[in-house]
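Read off the chains here:
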Amino acid sequence: MRKLFIPLFCLTLIHCNKQEPIQVKADLAEVLQEKPSDKYLPPPPPPPKEEISKNYGPTATSISNTTENKSKKNTDIISKKIIKNGNLIIQVGDIKKAQNQTTEILNKNQAYIQKEEFRNTDTDENLNLVIRVPHKNFDALINSFSDGIGSVLSKNISSDDVTEEYTDVSIKLANKKIYLEKYRDMLKSAATTKDILEIQENIRELEDEIDVSEGRLRFIDDRVNYSTLNLSLYKEKVRSSATSKIGFGSRFGDSITEGWNSFVSFLLGIISFWPFFLLIPLIIFLWKKWKARRKK
């Protein structure tokens with residue numbers, strides 16, 4: 001009995017050892033089926049564009065959209081830009097009186113004289129003025145000069161619409177400022193000396209272009225806000241001894257002076273032909289000598 005019990009006990013132990021790894025393997029298989037490894041998991045879906053833009057800042061498309069939106073806003077804000085210019089020639093009876101009336105009209109219309117030129121000759125007197133006047137008062141100023149000073153000899157009014165040019169320069173200026181800020185940000189993160197020099201050169205060129213564009217806009221604004229009028233006050237002098245300071249004696253003296261000047265000019269003109277006066281006797285002498293030889 002003792003001999004039979006010992007083999008049976010050994011067989012039982014062997015059988016138990018064989019069943020335990022099978023159960024462990026079965027448990028591992030179940031775990032693998034329930035929780036697959038990360039190697040075989042499908043890739044996660046890409047995040048939406050809105051999240052990307054929030055996490056990583058503005059992209060190229062967003063920059064272009066912002067510039068377009070800014071340009072559209074600038075286009076909407078810009079109103080009509082019209083430059084008005086005028087030229088007036090008025091004949092007056094008294095230059096001083098007309099000048100005083102001009103000063104009153106300028107003060108009434110908030111205008112000022114930019115340039116003044118006076119010319120007095122024997123035949124007429126001319127007072128030329130370059131006047132700058134606010135755009136809204138330009139028509140009233142023209143009417144005041146036409147009605148209240150004298151006789152209008154010439155009148156020319158022109159209007160130039162520069163809205164398209166102003167809008168174009170404004171949009172380009174806004175874009176250049178955006179690029180300038182980008183270059184400045186790039187300059188902060190530049191690593192090599194070559195990159196720094198190239199970026200600084202681009203910044204310098206952009207700053208020069210921005211200065212030119214801003215100057216052009218200021219010039220257009222000045223011409224739009226203040227119109228320009230070229231005014232000429234003209235007085236013709238009457239050539240008579242009764243009404244003019246230039247009398248018969250003065251004109252007689254002027255005639256004598258002009259006659260003497262003409263005589264001197266004629267004499268000097270004849271003297272200027274002295275080479276011909278020397279050549280003519282020489283030619284005559286040679287011709288006579290040649291003719292005498294021919295007779296012999």
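Just above, that's the structure.
First, a word on what this report is: a plain description of the structure on this page. (Residues numbered from 1 in each chain as written. Predicted model: local features only at pLDDT ≥ 70, side-chain atom pairs only at ≥ 80, totals over all residues. Heavy atoms only, no water.)

1. Let's talk about the overall build of the protein chain
No. 1: Scanning the protein chain for helices and strands turns up 9 helices and 5 strands.
No. 2: Within the protein chain, buried positions represent 21% of all 296 residues. (Helix = DSSP H or I, 4+ residues; strand = E, 2+ residues; numbered from the N terminus. Buried < 20%, exposed > 50% of the residue type's maximum accessible area, 1.4 Å probe, protein only.)

2. Description of the side chain of Thr228
No. 1: Among the structural elements, Thr228 can be located in strand β5 (residues 226-236).
No. 2: Among the residues examined, Thr228 registers a relative accessible area of 10% and is labelled buried.
No. 3: Only 3.3 Å separates the side chain of Thr228 from the side chain of Arg223, close enough to count as a polar contact.
No. 4: Ignoring any residue separated from it by four or fewer positions in sequence, one finds Thr228 in contact with Lys84, Asn85, Gly86, Val130, Ile131, Arg132, Phe138 and Arg223. (Polar contact = N/O pair within 3.5 Å; in protein donor to acceptor, adjacent residues only side chain to side chain. Contact = heavy atoms within 4.5 Å.)

3. With respect to unusual backbone geometry
No. 1: Phi at Gln110 takes a positive value of approximately 60°, unusual for a residue other than glycine.
No. 2: Examined against the element boundaries, Gln110 turns out to sit in the loop between α4 (95-108) and β2 (112-120).
No. 3: A relative accessible area of 55% means that Gln110 is categorised as exposed.

4. Considerations on the environment of Ala111
No. 1: By the secondary structure assignment, Ala111 is in the loop between α4 and β2.
No. 2: As for Ala111 and Arg132, which are separated by 21 residues in sequence, their C-alpha atoms are 5.7 Å apart.
No. 3: If we ignore the near neighbours within four places in the chain, the residues touching Ala111 are Leu106, Ile131, Arg132, Val133 and Pro134.

5. Examining the packing of aromatic side chains
No. 1: For the structure shown, the criterion picks out 2 aromatic pairs.
No. 2: For the pair Trp260 and Phe263, a centre-to-centre distance of 5.8 Å together with 35° between the ring planes defines the contact as tilted. You can see Trp260 and its partner Phe263 sitting in helix α8 (residues 248-271), 3 residues apart, about one turn around the helix.
No. 3: What makes Phe263 partly exposed here is its relative accessible area of 45%. (Phe/Tyr/Trp six-rings, centres within 6.5 Å; stacked < 30°, edge-to-face > 60°.)

6. So, the pairing of β2
No. 1: Sheet analysis places β2 next to strand β3 (residues 124-134), joined by 8 bridges and oriented antiparallel. Bridging from a neighbouring strand, Arg119 pairs with Asn126 of β3.
No. 2: Adjacent in sequence and paired antiparallel, β2 and β3 are bridged by 3 residues. (Pairing = 2+ DSSP bridges.)

7. Re the sheet that holds β5
Sheet strands line up and pair through hydrogen bonds in the backbone, either parallel or antiparallel.
No. 1: Taken together, the 5 strands give an open sheet; going across it, the order is β2-β3-β5-β1-β4, and neighbouring strands pair in mixed fashion. Taken across any chain shown, the strands that pair with only one partner, and hence form the sheet edges, are β2 and β4 (151-161). The mean inter-strand angle of the sheet, taken between neighbouring strand axes irrespective of direction, is 10°.
No. 2: Relative to β5, helix α7 (residues 193-225) is tilted by about 55°, and along the sheet it contacts β1 (82-91), β3 and β5. (Axes fitted to C-alpha atoms, helices over the stretch in contact; angles between N-to-C directions.)

8. Some details on the side chain of Ser170
No. 1: Within the element layout of this structure, Ser170 appears in helix α6 (residues 163-189).
No. 2: Within the structure, the side chain of Ser170 is placed 2.8 Å from the backbone oxygen of Tyr166, a separation counted as a polar contact.

9. As for empty space enclosed by the protein
No. 1: Under the definition given, this model contains 1 cavity of 30 Å³ or more.
No. 2: Space inside the largest cavity adds up to approximately 30 Å³.
No. 3: Taken together, the residues that form the lining of the largest cavity break down as 3 nonpolar, 3 polar and 1 charged. (1 Å grid on protein atoms, 1.4 Å probe; cavity = no way out; pocket = protein on both sides within 12 Å on 5 of 7 lines; lining within 4 Å. Points joined across faces, edges and corners; volume = space filled by probe spheres on them. Nonpolar A, V, L, I, M, F, W, Y, C, P; charged D, E, K, R; others polar.)

10. Overview of the pattern of salt bridges
Where charged atoms of side chains with opposite charge meet at close range, the side chains can pair.
No. 1: Summed over the entire model, instances satisfying the criterion amount to 12 salt bridges.
No. 2: Where Glu207 meets Arg184, a salt bridge forms, and the shortest distance between an N and an O atom there is 3.2 Å. Here Arg184 lies in helix α6 and Glu207 lies in helix α7, a separation of 23 residues in the sequence.
No. 3: We classify Glu207 as partly exposed; its relative accessible area is 31%. (Salt bridge = Lys/Arg side-chain N within 4 Å of Asp/Glu carboxyl O.)

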